[in-house]
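A look at the structure
Next come the chains, spelled out residue by residue.
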Amino acid sequence: MKTELLAPAGDIEAGYAALYYGADAVYLGLQQFSARATATNFSEDNLNEFVGYAHHLGRKVYAAINTLVQEDELPDLLKTLDICLRCKVDAVILQDLGVARIIRESYPELEMHASTQMAVHNKEGALALQKQGFSRVVVARELTLNEIKEIAAIPGLETEAFVHGALCYSYSGVCLFSSLETGRSANRGKCLYPCRSNFKGEAGEKHYFSMKDMALQEDILKMPVTSLKIEGRKKTALYVAAVTDYYRRILDGKGADENRAEHIKQIFSRPWCKFHFRGKDKGVIEREFVGHRGLLIGKVEQAGKGRLTFHAKHKVARYDGLQIEIPGVEKPFGFSVQRLRLNGQNVFEAPAGEVISVDLPPQTPKLEKGWEIYLASATEVKGAYDYAKPKPGEYRQKPKVDVVVEVLPEQLIARSGEVEAQVAGVFAPAQNVVKVEEAVRQAFAKSGDAAVVLGNLELHNPDGLFVPASLLNDLRRQLYAQMVVGYKTGELPATEKNGRAMPAKWIVKTDDLSKIAGISLDEIDEIVYLLNEQTDANVLKKLPKNKLRLALPAVCRRVDAFKPLINSLVAQGYKKWEIGNYWGLSVLPEKGIDLSFDAPLYMMNTQAMAMAKEMNASRVTLSVEDRFENLRKLAEEASLPLVMAVYQDPALFTSAACIRSNACKDCSRGEKWLSLSKDGQKYQALSRDCQTMLFAGQALCFAKEAAEVKADFYRADFVYKPYTAEQAVQIWNKLRRFEDVENTRNGNLHRSL
């Protein structure tokens, strides 16, 4: 099967550019529920025309409805799904299990693709989602080629992988950084990218989490996936055109064109990398620089008296944009070339290989010899990617309607479903009945500005009467004017309320039993113990099985190494488990266990909870980034018992990119804590076994509000951070009285999300 080239479209112009330069499919967002909420996105009219045009070309369109949905937004979600159905999108890309349930039950015509926000990073996660009705999964960007191949080999499941564009430091879907720091959630499409900021750390003030851009180039030919995905729904049509054109040529066997690669770098690009495609790579972070860099074209040779001289490795023209990196300064110095000299003469452009000089603007900072110069924009490139597009309205899609026309001696009647129109007249026998039938068909085939077009036509003219064309046209106009688009409106599938377990019970979660050694087992209804690959099963024997629940980590890249421990514990009779990612569904038995869904599986609406119940969950955990009103509403309407974490140090992100400054060959890969700070806020990064997790200096505490939420279980977490037994006891005693702990935060509880 031909490999699909999938391009982004933040607006309709970018979509047209993608199609013109060879995209087999385009993915886009609508006005709501798009993970790129700040892109222009598509109105229904734009989507209708764009899908019509794409289908005319034999291409596909996927709608990204890939944010988390709160309970009061479900009616608007239905309207958005109605639009997708009306406009005939080829698939919906989604993250929220509630969206999946609604589509599966009320919109079975819509194909489901699992967004990268669902954090599919192993074969087991992909298999679990395939079982829930997903026809395609978008694999995590962090995967190596071998890991991608393993997922792509799953029979009957399509796979989609990113090949070019911006990278997040965190695994997508498990990042809470922007949400808990600013209230702008990445899972809601509103990320403010705090990871790109400067932080003070062990190597000084650096951009410790600012990723380079992915550019797999000709390595895409090694990928056995269904679809090769270009990132960029916030990029311009020019960028989309250039990148799509570049990869189209590679797929068509024309190779990686260096000139076209340079075009991309001039339009927008951070430094390029392969991420972990070929294996673990520490060189994926750009600590010294953030944002668009451009194409390296030379180094400062002389600078002073309002003029810069350098040996240009690339053609330079007047009005091109140059950038010069200044050591120790976060953003480069940039300016537009207003005067260009070659061999002492003013010129409009200078070819590559020449020593040139350009005038510097007033108040230019001091520039030193050897500093790198980048071509950040080129007038020539801006005009290099023209594209054709259809006339407005040319490919507008209209639903087909079936019409029945009845000719009576003194009346014309037209019906479509329950809609009817009538025209009076006196009709004599026709000389040619066949021509009357042709006239009726021609009249109703004219749709003009109507919202519908003719499907099947049935004519009843038992007396063979003649009808003037003017009256047929009048009848058609009256009928079509009454027509409402003939698609169903979706409904929310039914959910059942869960009976409350009163009084509420208390849970402690930990990764080290010594942290909770001071808390009496009599006060704890359940202990959730977070496993890792090195867990000593003998440690668990200290606790009664009826009080112990075993938790699997949200991110696991070596499932095969983990399976022996899991299988051994299941065989020993441990029946209570917790998962934080879909891969857990594939490694645990389907029957005979008590399964809890943890917060990273995101329960923000009752439909998601009902879906979890259908996936054999016995209870679910509320999201730590949710707001108070939504939490309270969910507690009232939940179809499953609810867990509310009232005290927690949630990972702001989990990353496959290493934060350590040392080389890999010098690394023990053991546990290492690093302190960071930004704008007065303190953070701690945990580096262990090539994985980085970031934590805020203050824990989240919802104890005061928890009593009003009325969950079935309240949970205190002592995970990852090195709590002493004494600290845990002090915190526990306050939480049990629903008292907030000092020096904590309450996240998004009282702000919009």
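Residues numbered from 1 in each chain as written. Predicted model: local features only at pLDDT ≥ 70, side-chain atom pairs only at ≥ 80, totals over all residues. Heavy atoms only, no water.

**Regarding the sheet that holds strand 18 (residues 333–336)**
Read from one edge of the open sheet, four strands run 13-23-17-18, paired in antiparallel fashion. Edge strands, defined here as strands with exactly one partner in the open sheet, are strand 13 (295–299) and strand 18. Across the sheet, the mean angle from the axis of one strand to that of its neighbour is 30°, orientation sign disregarded. Note that strand 13 and strand 23 (residues 372–377) share four bridges and pair antiparallel. When the sheet's bridge partners are listed, K299 is paired in strand 23 with E372. (Pairing = 2+ DSSP bridges. Helix = DSSP H or I, 4+ residues; strand = E, 2+ residues; numbered from the N terminus. Axes fitted to C-alpha atoms, helices over the stretch in contact; angles between N-to-C directions.)

**Things to note about the pattern of salt bridges**
For the structure on display, the rule yields 61 salt bridges. The shortest N-O distance in the salt bridge between R188 and E73 comes to 2.8 Å. Here the residue R188 occupies a position in the loop between helix 7 (177–182) and strand 8 (199–201), and E73 occupies one in the loop between strand 3 (60–65) and helix 3 (74–86), the gap between them amounting to 115 residues. Overall, E73 belongs to the buried group, its relative accessible area being 17%. Because the salt bridges share partners, they merge into one network encompassing E4, R136, E158, E160 and K229. (Salt bridge = Lys/Arg side-chain N within 4 Å of Asp/Glu carboxyl O. Buried < 20%, exposed > 50% of the residue type's maximum accessible area, 1.4 Å probe, protein only.)

**Thoughts on unusual backbone geometry**
Even without a glycine there, the phi angle at K305 is positive, about 55°. As for its placement among the helices and strands, K305 is situated in the loop between strand 14 (302–304) and strand 15 (307–311). According to the relative accessible area criterion, K305 is exposed, its value standing at 91%. A positive phi is found at D679, a non-glycine position, where the angle reads about 50°.

**Some words on the pairing of strand 18**
Here strand 18 shows a clear split, with F333 and F335 buried on one side and none of G334 and S336 buried on the other. Of the pairings in the sheet, the one linking strand 17 (residues 321–324) to strand 18 comprises four bridges and is antiparallel in character. Counted as the bridge partner of Q323 is G334 from strand 18.

**Digging into the pairing of strand 1 (residues 4–9)**
A large share of strand 1 lies buried, amounting to six of its six residues. Across the two faces of strand 1 the burial is the same, with E4, L6 and P8 and L5, A7 and A9 all buried. For strand 1 and strand 11 (residues 227–230), the ladder comprises three bridges, and the chain directions are parallel. Across the sheet, the residue bridging to L6 is K229, located in strand 11. Where strand 1 lies against strand 2 (residues 25–29), four bridges are found, and the strand directions are parallel. Pairing of A9 across the sheet is with L28, part of strand 2. Each parallel crossover has a hand, and for strand 1 linked through helix 1 (residues 12–20) to strand 2 it is right-handed. (Right-handed = clockwise from strand over helix to strand, strands pointing away.)

**Quick notes on the state of the cysteines**
As enumerated under the stated definition, the model contains zero disulfides in all. Distance from the sulfur of C87, which forms no disulfide, to the nearest cysteine sulfur (C84) is 7.5 Å. Free of any disulfide, C168 has its nearest neighbouring cysteine sulfur in C195, separated by 6.4 Å. For C168, a relative accessible area of 33% gives the class partly exposed. (Disulfide = S-S within 2.5 Å.)

**Considerations on the packing of helix 1 against helix 8 (residues 237–251)**
In a pair of packed helices, the angle between the axes and the distance between the axes together describe the arrangement. Two elements in contact, helix 1 and helix 8, have axes separated by 8 Å at closest approach and are oriented at 20°. If you check the angle between helix 1 and helix 8, you find them roughly parallel. Judged by the sense of rotation from one axis to the other, the crossing of helix 1 with helix 8 is right-handed. Between helix 1 and helix 8, the residues in contact are E13, A14, A17 and A18 and A237, V240, A241 and T244, respectively. A per-class count over the contact of helix 1 with helix 8 returns six nonpolar, one polar and one charged. (Parallel < 35°, antiparallel > 145°, perpendicular 65-115°, else oblique. Left-handed = near helix turned anticlockwise from the far one by under 90°. Contact = heavy atoms within 4.5 Å. Nonpolar A, V, L, I, M, F, W, Y, C, P; charged D, E, K, R; others polar.)

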